[in-house]
Protein chains: 2
Amino acid sequence: MEWSRELRYKPYADWGAKTLLDLQAQAACSDYKLGYHIMPTSGLLNDPNGFSYYNGYWHVFYQSYPFGPVHGLKSWNHMRSKNLVHWENLGIGLNPDFEYDKNGAYSGSALQVGNKLFIMYNGNSRDENWVRHPYQLGAWMDENNRIEKLPEPLITQPDHITEHFRDPQIIKHKDEYYAIIGAQDATQKDGRISIYRSKDLKNFEDLGYLHFTDENMGYMIECPSLVFINDKPVLIFCPQGMDKNICSYDNIYPNNYIIGDSVNLDAGRFEASDKTIKNLDEGFDVYASQAFNAPDGKTYLISWTGLPEIEYPTDKENWAHCLSQVKELLLTDKGELIQRPVKAMADLRYDGLPLTQEQGMDHIQNLVSDTGSQYELKLTLDANQKGILHLEKNGLNNQSLKLVFDTEEGSLTLDRGNSGKVFATEFGTKRTTLVAKNAPIELDIFVDNSICEIFINGGKKTMTARFFPEKGQKSIVIESQSDVKYRGTFWKMQSI
Amino acid sequence: MEWSRELRYKPYADWGAKTLLDLQAQAACSDYKLGYHIMPTSGLLNDPNGFSYYNGYWHVFYQSYPFGPVHGLKSWNHMRSKNLVHWENLGIGLNPDFEYDKNGAYSGSALQVGNKLFIMYNGNSRDENWVRHPYQLGAWMDENNRIEKLPEPLITQPDHITEHFRDPQIIKHKDEYYAIIGAQDATQKDGRISIYRSKDLKNFEDLGYLHFTDENMGYMIECPSLVFINDKPVLIFCPQGMDKNICSYDNIYPNNYIIGDSVNLDAGRFEASDKTIKNLDEGFDVYASQAFNAPDGKTYLISWTGLPEIEYPTDKENWAHCLSQVKELLLTDKGELIQRPVKAMADLRYDGLPLTQEQGMDHIQNLVSDTGSQYELKLTLDANQKGILHLEKNGLNNQSLKLVFDTEEGSLTLDRGNSGKVFATEFGTKRTTLVAKNAPIELDIFVDNSICEIFINGGKKTMTARFFPEKGQKSIVIESQSDVKYRGTFWKMQSI
């Protein structure tokens, strides 16, 4: 199928229902279908949007193109949950159905205001010459999940920003509303974060850019997310084209963060004594993360587990990508960012199996022989050991997702190069992260069919990978020159 | 919307995808959406089909019309499960897409044969004069859930049967295959069960009718299901137009069963020393039940929880009906049929609450004050007491689903007349069943948003009701002239 521009932007109403039902059946039958992650019922999923708490439910929407594994005409698909783990699919929330979003209801955010949920999002509207006009739009959702769009844009493109002006995050800060928006400067053609202020969510005042680094962030910044943890501002963002000397990365685009000491949005100042820009995830597929400060006092993060401009094996099945599990964000006393699973994830566990040390044969220790395709593995590896933890190894011992560990030098390498169907090899098949030397490593590993999420040392680092195992890849094995000392627990995980 | 014949039989390919997405969103947002029962993602669900075990999964399909709450062009929608409780939706299984089923892939059954699943179903095909030609069709499903139809009918309409010839059940019995088919006799115009025999699932021999009663079963028998429990044949069926003196019923059509001593299918004889025809369910909404003998040695039943020719409140939301929970069928030593929840239903329980006897005030005992909308209630009421168990009672005390009990006379009356939105009132709003006099009653009650399923005295009787509570109906209360003695447990129930 040739995905011409015309086809990608064909109105939803012009697609046949039979096509959609067949696509849904195809996704539902996929061997790579996820059990406890949000995936599309058909077509392509990308950025999480409108992650919020309202009317007794957690809400998250995702960017959706239901008719194929391509970036076509986008809508928002609505999911809600009581516990951040079990999600209900409420179907399309925002349709691309009026002048200002006719080429896509693009990414945005949501915030409870009064007894309604205020939604701010980017309307993609192309003119007859296919020139993009980005509009920051507003909508209100009521308790019956009905969404009413505001008829006119809240913010139109200012002179100092190019057509790349999107992903508004609406927050309330010091009794004012602020919109934090990804932008490309019209003169410098570099990536910026734009700030607007509003008292009434009707009139928005342009405050210019947020200065948070002296480095050049490349040609565009997408998906800015500003949250406050222990009163410290944490800015999460996706720079495109950033020099790898600023922060090393191997993915096509990274997802970064910086921790500040304070922020003055009116003055456009994000003050950070440590100006280091860090990777949010040390793996392969985390992008467009969205975080927010929830009414329960906690800070939650959810990510698109997928990257732009890369083909994935399920494209052939006409669906693509998923969302990450929700993670809670914390700061340690030393100011390090911690990501950890939310509490209700533990409710999915069953058939817990304590992993007891066993003597290996031929440098192989078998931890679990039949994992099934959904599990959690908590594993502590003692200090000063080297080896390979094979996840989803097959019987022939020639396919597995490998985690190469060295607790002497303090390094972990996630290698998906021989883990089933390979893809995105042009960006490398290994990712390495460094941890403390001569120290044990604590791993909390979640596998769900075709995604692996690893929390390292209580969430100080995370490594995420989509991978596409062949049938028969079902065991967990440690391979090493000598028996490795470990302790841990394995659980199977229910579907949501 | 006027549901003309033309509209109801419009091919799926001619419906717009936007319409379907909107319908799916509407069903997903419904206040009456089920949490742990199979419901349609949009449109109408009716008979369970192809209930079977194959390739490590339980399978059930349902009759589906995705575009509205009407009996339009039907397909089979495929669900599968590892435990008969958590179901995965695999989308359309059988499409009405060739000459012999072009007006609907109607009901049928499935049976593992070799390493595939054999499907036998009724193809509804109308000619240019809108005369129905019923074909009994075959198809094979492989391990990838791909279904291939046989190009020619297995059985065409014989001279002695009218166009009402449908719902084939394929079973293996004494090394032969038999198809048990609902039929209307061409001469008498009365309801019959037709039998065909086959050695190879290609050639089917007409054995005439199965004689199981001397009574007249009305003008048609739908959905025959023959199972064997402790080697005794149990025949489950849906007679239409049966005289109420044969077996009293209040629903538009009943769903009945008869227990035999032996059956000789070749001779068309179902021998029963007790010829009583009984109701499978003493409530409101059970029809088109399908049972089968599973490879685990047990017998399972699943029902359409809905009835033909009746409007339900969710019709306005463009979706209708659900399937019952799966029930295990057993026979007691005395030969009584028992229906009981399957084992994995207990895995859905959480927040268990022992119900301790409390003194009532003003003849009111409050058992649970905030039930939520999904729960199980096990309750034993002592002998010789009278009162009303109010399920889903509201704060104003003027709405509830009532179970009126008299453990002196041994009667239970389920009254949905004032339980929220009322419907089907032309068939009465109460159903009564008799149990042992001067004896305690054991109840196991499952409520899931808009369905209530009651198992009485270990499943000797069941009473099922769809009901549509208003917001705020959330408490369980016993009302009586004096304090009622009870003991029990309440659990909230997870969604599947």
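What counts, and where the lines are drawn
Residues numbered from 1 in each chain as written. Chains lettered and ligands numbered in written order. Predicted model: local features only at pLDDT ≥ 70, side-chain atom pairs only at ≥ 80, totals over all residues. Heavy atoms only, no water. UniProt positions renumbered as here; feature names shortened; annotations may be inferred. Contact = heavy atoms within 4.5 Å. Buried area = accessible area lost by both parts, 1.4 Å probe. Salt bridge = Lys/Arg side-chain N within 4 Å of Asp/Glu carboxyl O. Polar contact = N/O pair within 3.5 Å; in protein donor to acceptor, adjacent residues only side chain to side chain. Helix = DSSP H or I, 4+ residues; strand = E, 2+ residues; numbered from the N terminus. Nonpolar A, V, L, I, M, F, W, Y, C, P; charged D, E, K, R; others polar. Domains from an automatic or database assignment. Pairing = 2+ DSSP bridges. Buried < 20%, exposed > 50% of the residue type's maximum accessible area, 1.4 Å probe, protein only. Axes fitted to C-alpha atoms, helices over the stretch in contact; angles between N-to-C directions. Least-squares fit on C-alpha atoms with pLDDT ≥ 70 in both.

Under an unreviewed UniProt entry, the name given to chain A is Sucrose-6-phosphate hydrolase, and the source organism is Ligilactobacillus ruminis. For chain A, the Catalytic activity (unreviewed entry) comment in UniProt is given as "Hydrolysis of terminal non-reducing beta-D-fructofuranoside residues in beta-D-fructofuranosides."

## Section: the interface of chain A and chain B
Taken together, the contact pairs 27 residues of chain A with 27 residues of chain B. Looking at the side of chain A facing chain B, the largest losses of area belong to Ala-17, Lys-18 and Leu-21 of chain A, adding up to 24% of the total buried there. Linking chain A with chain B are 2 salt bridges. A salt bridge links Glu-88 of chain B to Lys-33 of chain A; its shortest N-O distance comes to 2.9 Å. Viewed at the interface, chain B and chain A are joined by 7 residue pairs in polar contact (both at pLDDT 80 or more). Among the elements of the structure, α2 (17-28) and β4 (87-94) of chain A are those that each provide at least two residues to the side of chain A that touches chain B. Per-element accounting of the side of chain A that touches chain B gives the leading share, 8 residues, to α2 of chain A. Each residue belonging to the side of chain A that touches chain B can be placed in one class, and the counts come to 13 nonpolar, 9 polar and 5 charged.

## Considerations on the domain arrangement of chain A
Residues and elements named next belong to chain A. Partitioning chain A into domains gives domain 1 (5-341) and domain 2 (349-493). Computed from C-alpha coordinates alone, the two centres of domain 1 and domain 2 are separated by 31 Å. With 35 residues of domain 1 at the contact, the number on the domain 2 side is 36 residues. Here domain 1 packs against domain 2, burying approximately 3000 Å² in sum over the two surfaces, 58% of which is carbon and sulfur. For the domain 1 face of the interface with domain 2, the top three residues by lost area are Tyr-32, Tyr-36 and Phe-284, together amounting to 26%. For the pair domain 1 and domain 2, the interface holds 2 salt bridges. Residues Asp-285 and Arg-416 are paired through a salt bridge, measuring 2.8 Å at the closest nitrogen-oxygen approach. Connecting domain 1 to domain 2 are 20 residue pairs in polar contact (both at pLDDT 80 or more). Sort the elements by how many residues they give to the side of domain 1 that touches domain 2 and strand β24 (residues 337-341) lands first, with 5 residues. For the side of domain 1 that touches domain 2, a count of residues per class yields 15 nonpolar, 10 polar and 10 charged.

## Looking at the sheet that holds strand β4 (residues 87-94) of chain B
Residue and element names in this part refer to chain B. Pairing within the open sheet is mixed, and its 5 strands lie in the order β4-β3-β2-β1-β21. A strand with exactly one partner marks an edge of an open sheet, and here the two such strands are β4 and β21 (319-320). Here 7 bridges tie strand β2 (residues 57-65) to strand β3 (residues 75-81), and the two strands are oriented antiparallel to one another. From the neighbouring strand, Trp-58 faces β3, where its bridge partner is Ser-81.

## Notes on the pattern of salt bridges
Under the definition given, this model contains 37 salt bridges over all chains. The shortest N-O distance in the salt bridge between Arg-269 of chain A and Glu-271 of chain A comes to 3.3 Å. Using a relative accessible area of 32% as the deciding quantity, one classes Glu-271 of chain A as partly exposed. A salt bridge links Glu-409 of chain B to Lys-437 of chain B; the nearest nitrogen and oxygen atoms lie 3.9 Å apart. With Glu-409 of chain B in the loop between β29 (401-406) and β30 (411-415) and Lys-437 of chain B in the loop between β31 (430-434) and β32 (441-448), this pair connects stretches of sequence that are 28 residues apart. Given a relative accessible area of 54%, Lys-437 of chain B falls into the exposed group.

## Regarding the pairing of strand β23 (residues 327-331) of chain A
All names here are of chain A. With 4 of 5 residues buried, β23 is to be regarded as a mostly interior element. Summarising the sheet, strand β20 (residues 299-305) and β23 pair through 3 bridges and their orientation is antiparallel. Counterpart to Leu-301 in the pairing with β23 is Lys-327. Here β23 pairs with β24 via 5 bridges, running antiparallel. Residue pairing in the sheet places Leu-331 in a bridge with Leu-337 of β24. In this antiparallel pair of consecutive strands, β23 and β24, the connection spans 5 residues, and Gly-335 shows a positive phi of 85°.

## Quick look at the sheet that holds strand β6 (residues 116-126) of chain A
Residues and elements named next belong to chain A. On the basis of which strands lie adjacent, the open sheet formed by 4 strands has the order β5-β6-β7-β8 and antiparallel pairing. Of all strands in the sheet, those with a lone pairing partner are β5 (105-113) and β8 (147-149), marking the two edges. Strand after strand, the sheet turns through a mean of 25° between neighbouring axes, direction not considered. Bridge count between β5 and β6: 7 bridges; the pairing is antiparallel. Across the sheet, Gln-112 pairs through a bridge with Leu-117, a residue of β6.

## Looking at the relation of the copies chain A and chain B
For the match of chain A to chain B, the screw axis carries a shift of 0.0 Å, the RMSD comes to 0.0 Å, and the turn is 180°. The superposition of one copy onto the other is thereby described by a two-fold rotation axis. Taken together, the interface assignments show that 100% of the residues at the interface of chain A recur at the interface of chain B, consistent with an identical surface on both copies.

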